[in-house]
Amino acid sequence: AGQALWRLQRINALMRIVSAQLSSLETLPPQHFAQFRTFLGTSSGSQSLQFRAIEAASGLRDEHFMRALEEHGNIPELVRNALARPTLQDLFLQLLDTAGVKLEDLYLGPGPTVLFFLAEALLEYEQQFGQWRFKHVQLVERIIGPSTGGTGGTLGSRYLMRTVDQRFFPMLWEVRGRLFGLK
């Protein structure tokens, strides 16, 4: 658990950097983007094998995600491999099970443990990912407008906005509701 926490803290630091990089693109005026947009052709971030593999490993397996993968033909091996493995949430729940700890115990127990900090680091990862997605939506709207279609044939910012609410670790969010008597 300690190694996983250490690695996740590094990933979260990288997520903060990636998210901050979008801020520099906000200074790009629409007319300058228009000068090179045609060179992007029909490429889209949704076609990035590495990005899709990260999403799959993180826990995206819902119908919308799977349909987006299939829209571009056969699912590439890198993504198929990520889909064949347990999600990060599955691995975390296995860690808890091995330690004989229930999810609620992380928050109701005698005090923070390494597993508690790992759970919080997983939530931070998800939040950093969500912030990146939201900044991406705002960047797209700022540069090409909210109704312009995306390069990959998507609905542009309207498509991207639907991705902001995607959850990698629903059980870590649900436990908070159970702790406060919400169902």
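The text that follows walks through the structure, step by step, so that each part is easy to find. Here the residue numbers are simple positions, counted from 1 along each chain's written sequence. Only residues with pLDDT of at least 70 are given local features in this predicted model, and only at 80 or more are side-chain atom pairs given and counted; all residues enter the totals for whole chains, interfaces and linings. Think of the side-chain values as coming from all heavy atoms in the structure, minus any hydrogens and water.

Where empty space is left in the structure can be found by rolling a water-sized probe over the atoms. Cavities and pockets are defined on a 1 Å grid built over the protein atoms alone: a cavity is a set of grid points where a 1.4 Å probe fits but cannot escape, while a pocket is an open set with protein on both sides within 12 Å along at least five of seven lines, and lining residues are those with an atom within 4 Å of any such point. Grid points are joined across faces, edges and corners, and a volume is the space filled by probe spheres set on the points. Evaluated as defined, the whole model comprises 1 cavity of 30 Å³ or more. For the largest cavity, the calculated volume is near 30 Å³. Lining the largest cavity are E126, F129, G130, R133, T163, V164, Q166 and F168. In the scheme used here, Gly and all other residues not listed as nonpolar or charged are polar, with Ala, Val, Leu, Ile, Met, Phe, Trp, Tyr, Cys and Pro taken as nonpolar and Asp, Glu, Lys and Arg as charged. Partitioning the lining of the largest cavity into residue classes produces 3 nonpolar, 3 polar and 2 charged.

To continue, consider the packing of aromatic side chains. Ring geometry is summarised as follows: Phe, Tyr and Trp rings, the Trp one being its six-membered ring, pair when their centres sit within 6.5 Å, and such pairs are stacked at plane angles under 30 degrees, edge-to-face over 60 and tilted between the two. Per the stated rule, a full pass over the model turns up 9 aromatic pairs. Here the aromatic rings of Y125 and F169 are separated by 6.5 Å at their centres, their planes lie at 55°, and the arrangement is tilted. Note that Y125 is positioned in helix α8 (residues 114-144) and F169 in the loop between α9 (157-163) and α10 (170-179), a separation of 44 residues in sequence. Per-residue accessibility, obtained with a 1.4 Å probe over protein chains only, is compared with the maximum for each type, and a residue is labelled buried under 20%, exposed over 50%, and partly exposed between these values. Assessed through its relative accessible area of 6%, Y125 is described here as buried. Seen in terms of ring centroids, F129 and F168 are 5.0 Å apart; in terms of plane orientation they differ by 80°. Their pairing is edge-to-face. With F129 in helix α8 and F168 in the loop between α9 and α10, the pair connects residues that are 39 residues apart, well separated along the chain. The exposure class assigned to F129 is buried, which follows from its relative accessible area of 4%. Owing to a relative accessible area of 3%, F168 belongs among the buried residues under this scheme. The numbering of helices and of strands both runs from the N terminus, where a helix is a DSSP run of H or I of at least 4 residues and a strand a run of E of at least 2.

Here we take up helix α6 (residues 88-99). The length a helix should cover is 1.5 Å for every residue beyond the first. When the terminal C-alpha atoms of α6 are compared, their 17 Å separation across 12 residues agrees well with the 16 Å that a helix rising 1.5 Å per residue should span. Looking at the packing, one finds that the buried side of α6 touches α7 (105-108), α8 and α10. Two residues form a contact once any of their heavy atoms are found within 4.5 Å.

Positionally, L160 belongs in helix α9. Look at L160 and you get buried, because its relative accessible area is 15%. C-alpha separation for the pair L160 and Q138, spaced 22 residues apart in sequence, amounts to 9.5 Å.

As used here, the term nonpolar core means buried Ala, Val, Leu, Ile, Met, Phe, Trp, Tyr and Cys residues forming a set that is joined through side-chain atoms within 4.5 Å. L83, F92, L103, L106, Y125 and L172 are the most contacted members of the largest nonpolar core, which totals 34 residues. For this core, the secondary structure elements donating two or more residues are α1 (2-25), α3 (49-58), α4 (63-70), α5 (77-84), α6, α8 and α10. A per-element tally of this core places α8 first, with 11 residues. Not counting residues within four places of it along the chain, the set of residues in contact with L103 comprises F92, L96, M171, L172, V175 and R178.

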